[in-house]
Amino acid sequence: MRRGRWAALALGLLRLCLAQANFAPHFFDNGVGSTNGNMALFSLPEDTPVGSHVYTLNGTDPEGDPISYHISFDPSARSVFSVDPTFGNITLVEELDREREDEIEAIISISDGLNLVAEKVVILVTDANDEAPRFIQEPYVALVPEDIPAGSSIFKVHAVDRDTGSGGSVTYFLQNLHSPFAVDHHSGVLRLQAGATLDYERSRTHYVTVVAKDGGGRLHGADVVFSATTTVTVNVEDVQDTAPVFVGTPYYGYVYEDTLPGSEVLKVVAMDGDRGKPNRILYSLANGSDGAFEINETSGAISITQSPAQLQREVYELHVQVTEMSPVGSPAAQATVPVTIRIVDLNNHPPTFYGESGPQNRFELSMNEHPPQGEILRGLKITVNDSDQGANAKFNLQLVGPRGIFRVVPQTVLNEAQVTIIVENSAAIDFEKSKVLTFKLLAVEVNTPEKFSSTADVVIQLLDTNDNVPKFDSLYYVARIPENAPGGSSVVAVTAVDPDTGPWGEVKYSIYGTGADLFLIHPSTGLIYTQPWASLDAEATARYNFYVKAEDMEGKYSVAEVFITLLDVNDHPPQFGKSVQKKTMVLGTPVKIEAIDEDAEEPNNLVDYSITHAEPANVFDINAHTGEIWLKNSIRSLDALHNITPGRDCIWSLEVQAKDRGSPSFSTTALLKIDITDAEVRRLRYMKKSNFPGTTKPVRKPKFKPKKPHSSQGLFLHPHYEIALFNLSNMNLYSRVFQGEAQAS
């Protein structure tokens, strides 16, 4: 009974608790490969970009309450992800590196505000091909003997790639395909290729570049392959495989007449061809010495054992043998070289120049300039000699100095020769350019090692000759002189120079030509001046032209032209044709008066006109330049003219002045009587005087002396301005009278 009561009470309490319980939220488990849920078995590539949305937490609450999501990490680890608490979106916030961290532990949680459910998850980081191969245990240096067989292994390189799969597999290659080496693609073992050899004497070190490549893989969505390089230094070790080598071949030695027995003639030098570990070398004479020479077995020095006078041959051909001695003292490789030794005369005499009295190193000569081409300088007595014998006495001769002027013969001498110097360029031997020519005679041995030489100075003093013509400093001279210059006046000085010296350089001047009569020239100074009696007149002759000659004592000369212009002087006053002149003026038509100034140039011959006196005044005007005279504009008729004339006279007298523009100025006056009429009065006067038809007198031939005819029709100018026209073919008389100025037509 009591048990039943407790059971009922417990059941009631249970029902009460169930009625008041709030169940916790939970995540969905969507399995492998899902991108939402509780991140169970979730993996992520290591090359995923930061900021990528990589997963979505997803869960539910039994009561349907709002839920939030959270993610946390161990305090000692990186916070690789962040989560949106509302939507559960997980974002990558730190870079991933599988080689450093291949899995990430995190605590994800879901909460409905009252209940919090947390789970521990592990996110796997998968590999991407982001690592390059890396060689380990560098640097790589191998020491290999030069006689290693082809195909032998030399060295092994090793590279690792921390990626997995194909991205972590490594293969090896050589960068230089023409190398004597090869590498195994998988193991990295370096070998000497088949058929290849090493040679210490040719190349002591080889540098082999090895490339390590991974198998490739994906990175950021693309296929990539990474590689690395390293250098293997292969040092070749020398072995004894090369014969001795001679240095400085070929070998020649010379024995001279003063060489003493025991003297060293020359030294032979040899060394082991294996330079890395050379053996000791010993020298010996194989044959050819005939006991006249010996060699030091360690130094290779060859010396003479006899006096040169005792030697029987001029040339000895020796054979020197060298032998390598191994470290244990046994003979090894050998080599032989020929050595030539000549017995020669001692070259102890240089070439020497001799004059007439013995050795001489200076020779002098005086000669005229411009000698004939090919002429021998006979004043030089020169001999050259070399006292040695054979090839030691052969030498060359040459002239050192200005080139192309002289040449020397002979150019090659054996023992002794007479030296001859010949003219080669006569024009260059010019006293005016150089009074002294200096050369050096040089003798140099040809075939001797010493090349002994000697020199001698040749000094040639040139003598002047008359080889130049006087030359004016100008081809023509221009001068100006006033026409009123007195006799003996200086006009112009000419200058000519003759570069010759002494009497040949003296110049004498003279003048000639049609215009030279009024002038003289000083024979020494070249000053041209007028004759003492000369009277120059620019109006008569304004210009003179003649020639001046410069001549040396032998008649060599040159010519220049002289131009002299007379400067006009105002020495002529204007002149009227008559001092008293009569003119007839028709009303409305001017009359003209003219004066001539005989000066040659302006302004001296320009004339200005003026009226200096008139009675009555204010009747006439005059043109100052042309000399035309006319009535003032206020007088238009004879009546107006008579009104201002007391006696009603029609003839007026004027005093007219003509004045030139020279300085000083000259003037002249003339009296001009003007008869003034009009056209009608003039016509009646003419008809009355000439008895033309209509008058009581017969027509008569005009009485005047014809002046210059103007045409074949016989046109003449009448003194009273009438024109008569005669037909010369029938002698009939025609006439026409014009009022005013007469004009021929």
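By the naming in an unreviewed UniProt entry, the protein goes by Cadherin-related family member 1 and is assigned to Theropithecus gelada. Per its UniProt entry, the protein bears the Subcellular location (unreviewed entry) comment "Membrane". According to the UniProt record, the Function (unreviewed entry) comment for the protein is "Potential calcium-dependent cell-adhesion protein. May be required for the structural integrity of the outer segment (OS) of photoreceptor cells."

Peer 1: Even after reading the chapter, I still don't get the overall build of the protein, so can you show me in this structure?
Peer 2: Within the protein, the secondary structure is distributed over three helices and 61 strands. Counting all 745 residues of the protein, 37% fall into the buried class. Here the analysis covers contacts within the protein between residues at least 6 apart in sequence; of these, 63% occur between residues at least 24 apart. For the protein, the accessible surface area stands at approximately 42400 Å², while carbon and sulfur atoms represent 52% of it.

Peer 1: Is there a simple way to think about the pattern of salt bridges in this case?
Peer 2: Here the idea is simple: oppositely charged side chains can pair when their charged atoms come close. Under the definition given, this model contains 14 salt bridges. In this structure, the salt-bridge partner of Glu424 is Arg407, at a minimum N-O distance of 3.7 Å. Placement of the pair is Glu424 in the loop between β38 (416–423) and β39 (436–445) and Arg407 in strand β36 (residues 406–409), with a sequence separation of 17 residues. According to the relative accessible area criterion, Glu424 is partly exposed, its value standing at 34%.

Peer 1: Got a minute to help me understand the packing of aromatic side chains in this structure?
Peer 2: Within a pair of aromatic rings, the relevant descriptors are the distance that separates the centres and the angle that separates the planes. Counted according to the given criterion, the structure contains 15 aromatic pairs. Ring centres of Phe135 and Tyr140 lie 6.2 Å apart, and the angle between their planes is 80°; on these two criteria the pair is classed as edge-to-face. The pair Phe135 / Tyr140 is uniform in exposure class, with both members buried. One aromatic cluster is present, formed by Phe135, Tyr140, Phe155 and Tyr172 through successive ring pairs. Taking NZ or CZ as reference, Lys549 lies 5.0 Å from the ring centre of Tyr557, over its face.

Peer 1: When you look at the sheet that holds strand β29 (residues 315–325) in this model, what are you seeing that I'm missing?
Peer 2: Within a sheet, each strand pairs with its neighbour through backbone hydrogen bonds, oriented either parallel or antiparallel. Spatially, the four strands line up as an open sheet ordered β23-β30-β29-β26, and their pairing is mixed. Each edge of the sheet is formed by a strand with only one pairing partner; in this case those strands are β23 (251–255) and β26 (280–287). Sheet twist, expressed as the mean angle between neighbouring strand axes with direction ignored, is 30°. Sheet analysis places β29 next to strand β30 (residues 331–343), joined by ten bridges and oriented antiparallel. What sits directly across from Glu317, in β30, is Thr340.

Peer 1: I would appreciate a short explanation of the sheet that holds strand β37 (residues 412–414) in the present structure.
Peer 2: Reading across the sheet, the five strands line up as β33-β40-β39-β35-β37 and stay open at both edges, with mixed pairing between neighbours. The open sheet has two free edges, formed respectively by β33 (362–368) and β37, since each of these has just one partner strand. Across the sheet, the axes of successive neighbouring strands diverge by a mean angle of 25°, strand direction being ignored. As paired strands, strand β35 (residues 394–400) and β37 are joined by three bridges and run antiparallel to one another. What sits directly across from Lys394, in β37, is Leu414.

Peer 1: Can you walk me through unusual backbone geometry in this structure?
Peer 2: Residue Thr249 is joined to Pro250 through a cis peptide bond whose omega torsion reads -5°. Relative to the elements of secondary structure, Pro250 occurs in the loop between β22 (245–247) and β23. The omega angle of the peptide bond from Val409 to Pro410 is -5°, so this bond is cis rather than trans. Along the chain, Pro410 turns up in the loop between β36 and β37. In the Ramachandran plot, Met39 falls in the positive-phi region, its phi being about 60° despite a non-glycine side chain.

Basis of the calculations
Residues numbered from 1 in each chain as written. Predicted model: local features only at pLDDT ≥ 70, side-chain atom pairs only at ≥ 80, totals over all residues. Heavy atoms only, no water. UniProt positions renumbered as here; feature names shortened; annotations may be inferred. Helix = DSSP H or I, 4+ residues; strand = E, 2+ residues; numbered from the N terminus. Buried < 20%, exposed > 50% of the residue type's maximum accessible area, 1.4 Å probe, protein only. Contact = heavy atoms within 4.5 Å. Areas by Shrake-Rupley, 256 points an atom, 1.4 Å probe, with all protein chains shown as cover. Salt bridge = Lys/Arg side-chain N within 4 Å of Asp/Glu carboxyl O. Phe/Tyr/Trp six-rings, centres within 6.5 Å; stacked < 30°, edge-to-face > 60°. Lys NZ or Arg CZ within 6 Å of the ring centre and 35° of its normal. Pairing = 2+ DSSP bridges. Axes fitted to C-alpha atoms, helices over the stretch in contact; angles between N-to-C directions.

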